[in-house]
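# Tertiary structure, described
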Amino acid sequence: MQRTLFRALSAAAIGVLLSTGFWSSSPASAESSQEWPLRSPSEFSVEVFPHNTETISFSDSWGNRRPGGRRHKGTDIISPRGTEILAVADGVVTEMGTSPLSGYFIRIENADEWATSYLHLNNDTNGTDDGDGGTWTAFHPTLQEGDEVIAGQVIGYVGDSGNAEGTIPHTHFEIKHDGEKRNPYPFLRDALEREMQDRYSLHF
Ligand SMILES: [Zn+2]
């Protein structure tokens, strides 16, 4: 089943989703007896959702086939071009660069061998899809490799660079632990649930 989340859900819509078992695929949590919200089954947490906007959609596409025999090893988060991208957790910027597939990207090492990556950052000048941007349209102007960042800090801007050119602007978001890619979807869903609870004072 294709599951797509929209951040601007009304409380009523959330109730419908819950009653239809929308959330029932949530992975088993070792902390299920503890207070809501449940954490991902790990020590890592997406503390802040990575797009600073009400307009988002994303689905669980982990492992889906991609051209060239590749598998999708991240989550694509769709938002308007130029939306601020936020660091999801404290860490150190280990790489800022560009490549034909990834486009402009940022890699951050977080605590305890966890790492997060943000791909396809903006390569267009304001209000266009011209591809004439560069590091100045992709990255926060003061961000540099080696910088320490905190959760919620603006690091870059949503776009369609690399092999996302011509697609709807989105961030390909990855999480690694000990160098091994993990499915970001449950982490992102947890973060969104927490933010919705804060926003609507919901108690499930
Ligand atoms: Zn992707």
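Everything that follows concerns the structure shown earlier in this document.
Let us look at the structure shown here. This one's a predicted model, so the numbers in the text were calculated from it and none came from an experiment.

Looking only at helices and strands, one finds three helices and eleven strands in the chain. Mapped in sequence order, the helices and strands of the chain form the string β-α-β-β-β-β-β-β-α-β-β-β-β-α. Restricting the contact set of the chain to residue pairs at least 6 apart, pairs at least 24 apart contribute 65%.

The next point concerns helix 3 (residues 185-200). With 16 residues, helix 3 extends 22 Å between its outermost C-alpha atoms, agreeing within 8% with the 22 Å of an ideal straight helix rising 1.5 Å per residue. If you check which residues of helix 3 are buried, you get Tyr185, Pro186, Phe187, Leu188, Arg189, Ala191 and Met196. Immediately downstream of helix 3, the backbone of Ser201 shows phi near 55 degrees, a positive value.

Residues Tyr118 and Leu121 are the most contacted members of the largest nonpolar core, which totals 32 residues. Contributions of two or more residues to this core are made by strand 4 (84-86), strand 6 (103-109), strand 7 (114-121), strand 9 (154-157), strand 10 (170-177) and helix 3.

With that out of the way, let us pick up the pairing of strand 6. Judged by how many residues are buried, strand 6 sits mostly within the fold: six of seven residues are covered. The pairing of strand 5 (residues 91-99) with strand 6 spans seven bridges and is antiparallel. Within the sheet, the bridge partner assigned to Val92 lies in strand 6 and is Glu109. With antiparallel pairing between neighbouring strands as the criterion, strand 5 and strand 6 make up a hairpin whose turn holds three residues. In terms of strand pairing, strand 6 meets strand 7 through five bridges, oriented antiparallel. Each bridged residue has a counterpart across the sheet, and for Ile106 the counterpart in strand 7 is Tyr118. Connecting the antiparallel pair strand 6 and strand 7 is a turn made up of four residues, with Asp112 showing a positive phi of about 55 degrees.

A separate point is the environment of Thr83. In this fold, Thr83 is placed in the loop between strand 3 (75-78) and strand 4. Counting along the chain gives 86 residues from Thr83 to Pro169, while the straight-line C-alpha distance between them is 9.6 Å. Look past the residues within four positions of Thr83 in its chain and what remains in contact with it is His51, Asn52, Thr53, Tyr157 and Val158.

A separate point is the environment of Asp160. Relative to the helices and strands, Asp160 is located in the loop between strand 9 and strand 10. Here the alpha-carbon distance between Asp160 and His172, two residues twelve residues apart in the chain, equals 9.7 Å. Residues contacting Asp160, with those up to four places away along its chain left out, are His120, Glu165, Thr167 and Pro169.

All right, on to the pairing of strand 5 then. Direction of pairing for strand 5 relative to strand 8 (residues 148-149): antiparallel, over a ladder of two bridges. Within strand 8, the position partnered with Gly91 by the bridge is Val149.

The rules behind these values
- Residue positions are counted from 1 within each chain, in the order its sequence is given.
- Reporting of local features is limited, given that this is a predicted model, to residues whose pLDDT is at least 70; pairs of side-chain atoms are given and counted only at 80 or more, and all residues count toward the totals for whole chains, interfaces and linings.
- A helix here means a DSSP run of H or I that spans at least four residues, while a strand means a run of E at least two residues long, and both kinds are numbered starting from the N terminus.
- Throughout, a residue-residue contact means that the two C-beta atoms, derived from backbone geometry, are no farther apart than 7 Å.
- Take the residue count of a helix, subtract one, and multiply by 1.5 Å to get its expected span.
- Every C-beta atom is placed from the backbone, and the number of other C-beta atoms within 10 Å of a residue's own sets its class: buried at 20 or more, exposed at 12 or fewer, partly exposed in between.
- Under the definition applied here, buried Ala, Val, Leu, Ile, Met, Phe, Trp, Tyr and Cys residues are grouped into a nonpolar core through C-beta atoms within 7 Å.
- We treat two strands as partners when DSSP finds at least two bridges between them.

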